[in-house]
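Listed below are the residues making up each chain.
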Amino acid sequence: MADDSFNEVSFEQLLPDPIKRRVQALKKLQLQGLNLEAEFFRDVYKLEYQYHTRFSELYNNRTKIVNGDLEPSDEDCKLGLSGSHEDSEPEEAEIIKDFRAKLSIGKIDKGRPGIPDFWLTIFKNVQLLNDMIQPHDEPILRHLSDIKLLIREEPMGFILKFFFSTNPYFTDICLTKKYEMRCYPDENDPWSFEGPEIYKCKGCKIEWNKNMNVTVKTIRKRQRHKSRGAVRTILKTVQNDSFFNFFNPPQVPENGEIDDETQALLTSDFEIGHYIREKIIPHAVLYFTGEALDDEDFDSNSSMGDGSESEELDAENIDEEDDEDDEDDDDLEEIVDSGTANQVESNREVSKNAISKRKNKQPQECAQQ
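Summarised in this report is the structure supplied together with it. Just so it is clear, the model here is predicted, and its values are computed rather than measured. (Residues numbered from 1 in each chain as written. Predicted model: local features only at pLDDT ≥ 70, side-chain atom pairs only at ≥ 80, totals over all residues. Heavy atoms only, no water.)

**Here's the deal with the pattern of salt bridges**
Then, in step 1: Enumeration according to the criterion identifies 8 salt bridges in this entry.
Then, in step 2: For R277, the salt bridge goes to E48, with nearest N and O atoms at 2.7 Å. With R277 in helix α8 (residues 260-280) and E48 in helix α3 (residues 17-66), this pair connects stretches of sequence that are 229 residues apart.
Then, in step 3: Take E48: its relative accessible area is 31%, and that puts it in the partly exposed class. (Salt bridge = Lys/Arg side-chain N within 4 Å of Asp/Glu carboxyl O. Helix = DSSP H or I, 4+ residues; strand = E, 2+ residues; numbered from the N terminus. Buried < 20%, exposed > 50% of the residue type's maximum accessible area, 1.4 Å probe, protein only.)

See below:
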């Protein structure tokens, strides 16, 4: 009992009173330092906001090249960097030609403008994002033409804008994800402050065309009555795994109290939003070629987690009389409709730096079928 009580006493409480007072004074200085640090981060954020417009000009030119609206000149293509792949040695050229013939890169129409599947290839190269993508998402993400960042001056935060070309899946040309940030020590836990943090996010409603919503699926279930033996079939709509659940994140209640599961989903969502803002948008071409992935070491289990329930959802509360009669499911389930039936074969495995063993940084294949 005494040992348990001892574990509940903090080290600071055990100190002699004069020492404890001095420690308290140090803590006050520490708190003042945290407030100064928060002010520093806010000033850095203001500087970032000022430079945002200048970066946007570069990103706009990138968008034009990717989407085929601007063909770069010979001068635009000269990097002038040692070790760049502007020219290939004869031996390496033969190796590249051989791999192009085997991989889907070689099947890209040379006359097609822009860079096909630019953003889809990036998403598939980055494990954190690839874990979110389902086969039925890929045909839609082929229409992703740009991702833009909008930084808000006040209050602190940013908006991710995903632009899509005209497609048969939804009518929106832009899907948005809004993130709110804060930069001050928490009154209840000031020592945990490490700088600006995302604390809230909001997605948007997607206007899906009929039978094209990949975020839901309809389950057909058969139920057998225990006593009568009668069988009935019911249809139930449940959430489906999809990248586009990213635009429907869990909402934080006004009181700020959330359960552990929701907190885990939000934490993962914040990580993804921050990653897209800080890594993907500024360095998109290097994620397309795979060069930005060399030093990355993400947990293969990191994913947004969409909170969807499994297909084993029962049909309770559909009919109150059935509850009283105590029916049994005979576990027969069938997916009737999962939005769109398009299935695209992933060639991610064959695209992992096939030529990189010679010069370490060769591009991964473009996900063009």
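**Here's the deal with the sheet that holds strand β3 (residues 174-182)**
Hydrogen bonds along the backbone pair up the strands of a sheet, which may run parallel or antiparallel.
Then, in step 1: One open sheet accounts for 4 strands, arranged β1-β2-β3-β4; its pairing is antiparallel. Strand pairing shows two members of the sheet lacking a second neighbour, β1 (144-152) and β4 (197-202), which therefore form its edges. For this sheet, the mean inter-axis angle between neighbouring strands, taken without regard to orientation, is 20°.
Then, in step 2: Where strand β2 (residues 157-164) meets β3, 7 bridges bridge the pair, whose relative direction is antiparallel. Bridge pairing in β3 places I159 opposite K178.
Then, in step 3: α3 rests against β1 and β2 of the sheet, and its axis sits at about 165° to β1.
Then, in step 4: Here helix α5 (residues 118-125) sits on the sheet and contacts β1 and β2; the angle it forms with β1, its principal contact strand, is near 75°. (Pairing = 2+ DSSP bridges. Axes fitted to C-alpha atoms, helices over the stretch in contact; angles between N-to-C directions. Contact = heavy atoms within 4.5 Å.)

**Digging into α8**
Then, in step 1: In this model α8 runs 29 Å from its N-terminal to its C-terminal C-alpha over 21 residues, within 8% of the 30 Å that 1.5 Å per residue would give.
Then, in step 2: Those residues of α8 lying buried are T262, L265, L266, S268, D269, F270, I272, G273, Y275, I276, R277 and I280.
Then, in step 3: The N-capping residue of α8, defined by a side-chain oxygen 3.2 Å from the backbone nitrogen of E261, is D259. (Expected span 1.5 Å × (residues − 1). Polar contact = N/O pair within 3.5 Å; in protein donor to acceptor, adjacent residues only side chain to side chain.)

**What to know about the nonpolar core**
Then, in step 1: Formed by 53 residues in total, the largest nonpolar core has its most connected members in F123, F162, F244 and I276.
Then, in step 2: In terms of residue count, the dominant contributor to this core is α8 (6 residues).
Then, in step 3: Every residue in contact with I276, bar those within four places of it in the chain, is listed here: L129, I147, L160, F162, F246, I281 and P282. (Core = buried A, V, L, I, M, F, W, Y, C linked by side-chain atoms within 4.5 Å.)

**Concerning the environment of P139**
Then, in step 1: Structurally, the position occupied by P139 is in helix α7 (residues 138-141).
Then, in step 2: Linking P139 and Y169, residues 30 residues apart in sequence, is a C-alpha distance of 9.2 Å.

**Things to note about unusual backbone geometry**
Then, in step 1: In this model, D117 sits at a positive phi of 55°, which is unusual for a non-glycine residue.
Then, in step 2: Tracing the backbone through its elements, the reader meets D117 in the loop between α4 (90-102) and α5.
Then, in step 3: We classify D117 as buried; its relative accessible area is 7%.
Then, in step 4: Phi is positive for N211, which is not a glycine, with a value near 65°.
Then, in step 5: Looking at the secondary structure, you find N211 in the loop between β4 and β5 (216-225).

**Examining a nonpolar patch on the surface**
Then, in step 1: On the surface, L47, Y51, F55 and L58 cluster together into a nonpolar patch covering about 400 Å² of accessible area.
Then, in step 2: Tracing the chain through its elements places L58 in helix α3.
Then, in step 3: We classify L58 as exposed; its relative accessible area is 55%. (Patch = residues over 30% accessible without salt bridge, like charges linked within 9 Å, V, L, I, M, F, W, Y side chains within 5 Å. Areas by Shrake-Rupley, 256 points an atom, 1.4 Å probe, with all protein chains shown as cover.)

**So, the pairing of β2**
Then, in step 1: Burial analysis of β2 places 6 of its 8 residues in the buried class, which makes it a mostly covered element.
Then, in step 2: Bridging between β1 and β2 involves 8 bridges; their strand directions are antiparallel. Looking across to β2, one finds that I147 is bridged to F162.
Then, in step 3: Here β1 hands over to β2 after 4 residues, the two strands then running antiparallel side by side.

**Section: the pairing of strand β6 (residues 231-239)**
Then, in step 1: The sheet contact formed by β5 and β6 spans 9 bridges and is antiparallel. Within β6, the residue paired with Q223 across the bridge is R232.
Then, in step 2: Between β5 and β6, which pair antiparallel in sequence order, lie 5 residues; one of them, G229, sits at a positive phi of approximately 80°.

**Details of α3**
Quick reminder: α-helices carry 3.6 residues per turn. Residues three or four places apart thus point the same way.
Then, in step 1: The sharpest bend along α3 comes to roughly 35°, located at H52.
Then, in step 2: Every buried residue of α3 is accounted for by L34, A38, Y45, H52, Y59, R62, T63 and V66.
Then, in step 3: Along its buried surface, α3 packs onto α5, β1, β2, α8 and α9 (284-289).
Then, in step 4: Following α3 by one or two positions, G68 has its phi on the positive side, about 80°. (Bend = angle between axes of the 7 residues up to and from the residue.)

**Quick look at the packing of aromatic side chains**
Then, in step 1: One pass over the full model with this rule turns up 19 aromatic pairs.
Then, in step 2: Judged by centre distance (5.4 Å) and plane angle (85°), the ring pair of F243 and F244 falls under edge-to-face. Accessibility assignment for this pair places F243 and F244 in one class, buried.
Then, in step 3: One aromatic cluster in this structure is built from F123, F162, F164, F170, W208, F243, F244, F246 and F247.
Then, in step 4: Across from the ring centre of F246, 3.5 Å away, lies the NZ or CZ of K177, which sits over that ring. (Phe/Tyr/Trp six-rings, centres within 6.5 Å; stacked < 30°, edge-to-face > 60°. Lys NZ or Arg CZ within 6 Å of the ring centre and 35° of its normal.)

Everything listed here is a matter of coordinates, which is why it stays silent on function.
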